[in-house]
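Structural features, examined
Given next are the chains, with one letter for each unit.
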Amino acid sequence: MGLIWQADFYRSPLQSVEGQILWELLVCDQTRSFEYVASCPQSQANSTWVTQQLQLAAKENLPDIIQVFRPQSLSLIETAGNNLGIKVEATRRTLALKQWLALKQYPLIIDKPPPLPLPENLWGEKWRFATIPSGDIVDEFIERPIPILQIPEFLKPINLGLASTVPIPGVIIYGGRHSMSLAQWLHKSNPVSLNYMNGTPDGLILEASLADRWILATFADEEVRDAGKLYQERKQLSQGLHFLLVQPDDSGMTYTGLWLLQQEE
């Protein structure tokens, strides 16, 4: 895996002595055993400055990957990463960095756009809520020839300390002839979590990438609403762990894509 850093570059709540707006770069590793902070006036907040600071932070040991969660930070850090030959990964899963920002009482709120409808040409034939026992969810799929399989190591139930009998809630989409197109679109969208939203109508909202939101389904059926509420309740018992499964039909013979997801804090 190599050395991974997490970084944020954003307007600081603090100001300079002259009352100038400051931008602050925070860099840490995944355990926060390494931390680096630097700030500059807004007029200097550019990729050249970030590149120089990353070199200073690294001394000789540049990371292989820098993870960034804030959309406003991404392009500057990506450019700096390109300058230094470092891969920059856009991900909401920057736990160490977010804990550090929370300790510093810095704002973590990301502006999220209203959810957009899923492109119509991708939508499957039907869908349903489902559960799979925690002890089966990895073994059930890991050996199968599934074209798109996203089971991150840190989300395996055993690594979350979940008992094998805990039901992991999820959503199964039967994609029919759109099954592969839908799975490929989801893969590119980088799913984070899938939430039932109570409303008029109710809906399934996919949180994806850094701040994207998509409406996967809407419904007004009372029975489906009850299933949606139960789905959200089960997520509380599974440490937020849930799944999204795309398959062509309900024969149970073939699967197109599986994502293990986790509710954000």
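These numbers come from a predicted model, not from an experiment.

Conventions we followed
Residues numbered from 1 in each chain as written. Predicted model: local features only at pLDDT ≥ 70, side-chain atom pairs only at ≥ 80, totals over all residues. Heavy atoms only, no water. Helix = DSSP H or I, 4+ residues; strand = E, 2+ residues; numbered from the N terminus. Buried < 20%, exposed > 50% of the residue type's maximum accessible area, 1.4 Å probe, protein only. Contact = heavy atoms within 4.5 Å. Areas by Shrake-Rupley, 256 points an atom, 1.4 Å probe, with all protein chains shown as cover. Lys, Arg positive; Asp, Glu negative; His and termini not counted. Charge placed at Lys NZ, Arg CZ, Asp CG, Glu CD. Core = buried A, V, L, I, M, F, W, Y, C linked by side-chain atoms within 4.5 Å. 1 Å grid on protein atoms, 1.4 Å probe; cavity = no way out; pocket = protein on both sides within 12 Å on 5 of 7 lines; lining within 4 Å. Points joined across faces, edges and corners; volume = space filled by probe spheres on them. Nonpolar A, V, L, I, M, F, W, Y, C, P; charged D, E, K, R; others polar. UniProt positions renumbered as here; feature names shortened; annotations may be inferred. Pairing = 2+ DSSP bridges. Axes fitted to C-alpha atoms, helices over the stretch in contact; angles between N-to-C directions.

Considering the overall build of the protein
- Helix and strand counts for the protein come out as six helices and 14 strands.
- Each of the three principal axes of the protein carries a C-alpha extent, and together these read 65 × 40 × 35 Å.
- Across the 265 residues that make up the protein, the buried fraction comes to 49%.
- Contacts spanning at least 24 positions in sequence make up 64% of the contacts within the protein whose residues lie at least 6 apart.
- Carbon and sulfur atoms make up 50% of the accessible area of the protein, which totals about 13700 Å².
- One way to put it: in the protein the 21 positive side-chain charges average out to a point 2 Å from where the 29 negative ones average out.

Comments concerning the nonpolar core
- With 25 residues, the main nonpolar core has F9, L54, I66 and I77 as its most contacted residues.
- Listing elements by their share of this core, those giving two or more residues are β1 (4-15), β2 (21-29), β3 (35-41), α1 (47-58), β4 (65-68) and α2 (71-84).
- Residues in contact with I66, not counting those within four places in the same chain, are W5, A7, L54, I77, I86, K87, V88 and E89.

Here we look at empty space enclosed by the protein
- In the structure shown here, the tally under the stated rule is one cavity of 30 Å³ or more.
- Looking at the largest cavity, its volume works out to about 60 Å³.
- Lining the largest cavity, in full, are D8, Y10, R11, S12, P13, E24, L26, R70, L101, Y106 and P107.
- The element that contributes the greatest number of residues to the lining of the largest cavity is β1, accounting for five residues.
- For the lining of the largest cavity, the residue count by class is six nonpolar, one polar and four charged.

Observations regarding the UniProt feature "domain: RNA-binding protein Tab2/Atab2 C-terminal" (unreviewed entry) in the protein
- In the numbering used here, UniProt assigns the "domain: RNA-binding protein Tab2/Atab2 C-terminal" (unreviewed entry) feature to residues 107-262.
- For residues 107-262, the end-to-end C-alpha separation is 22 Å, with 21% helix and 36% strand making up the annotated structure.

Concerning the pairing of strand β14 (residues 257-262)
- For β14, a buried count of six out of six residues is recorded, marking the element as mostly surrounded by other parts of the structure.
- The alternating pattern of β14 places G257, W259 and L261 on one face and L258, L260 and Q262 on the opposite face, and all of these are buried.

Concerning unusual backbone geometry
- In the Ramachandran plot, K59 falls in the positive-phi region, its phi being about 55° despite a non-glycine side chain.
- Checked against the element boundaries, K59 lands in the loop between α1 and β4.
- The exposure class of K59 is exposed, given its relative accessible area of 71%.
- Despite not being glycine, S209 has its phi angle at roughly 50°, a positive value.
- With respect to the helices and strands, S209 occurs in the loop between β11 (202-208) and β12 (212-219).

Looking at the layout of surface pockets
- Space inside the largest pocket adds up to approximately 1500 Å³.
- Residue lining of the largest pocket: 42 residues in total, with T91, R92, R93, T94 and F154 positioned closest to the centre.
- Broken down by secondary-structure element, the contributors of at least two residues to the lining of the largest pocket are β1, β5 (87-90), α3 (95-103), β10 (191-197) and β14.
- The class makeup of the residues in the lining of the largest pocket is 20 nonpolar, 14 polar and eight charged.

Here's the deal with the sheet that holds β4
- Read from one edge to the other, the open sheet built from five strands follows the order β3-β2-β1-β4-β5, with strand pairing classed as mixed. Both outer strands of the open sheet, β3 and β5, are each paired with one neighbouring strand and no more. Between one strand axis and the next, the sheet turns by 30° as a mean value, whatever way the strands run.
- With three bridges joining them, β1 and β4 adopt parallel strand pairing. In the sheet register, I4 faces β4, and the bridge partner there is I65.
- Contacts from α2 reach β1, β4 and β5 within the one sheet, and its direction differs from that of β1 by about 125°.
- α3 contacts β1, β2 and β3 of the sheet and is inclined by roughly 135° relative to β2.

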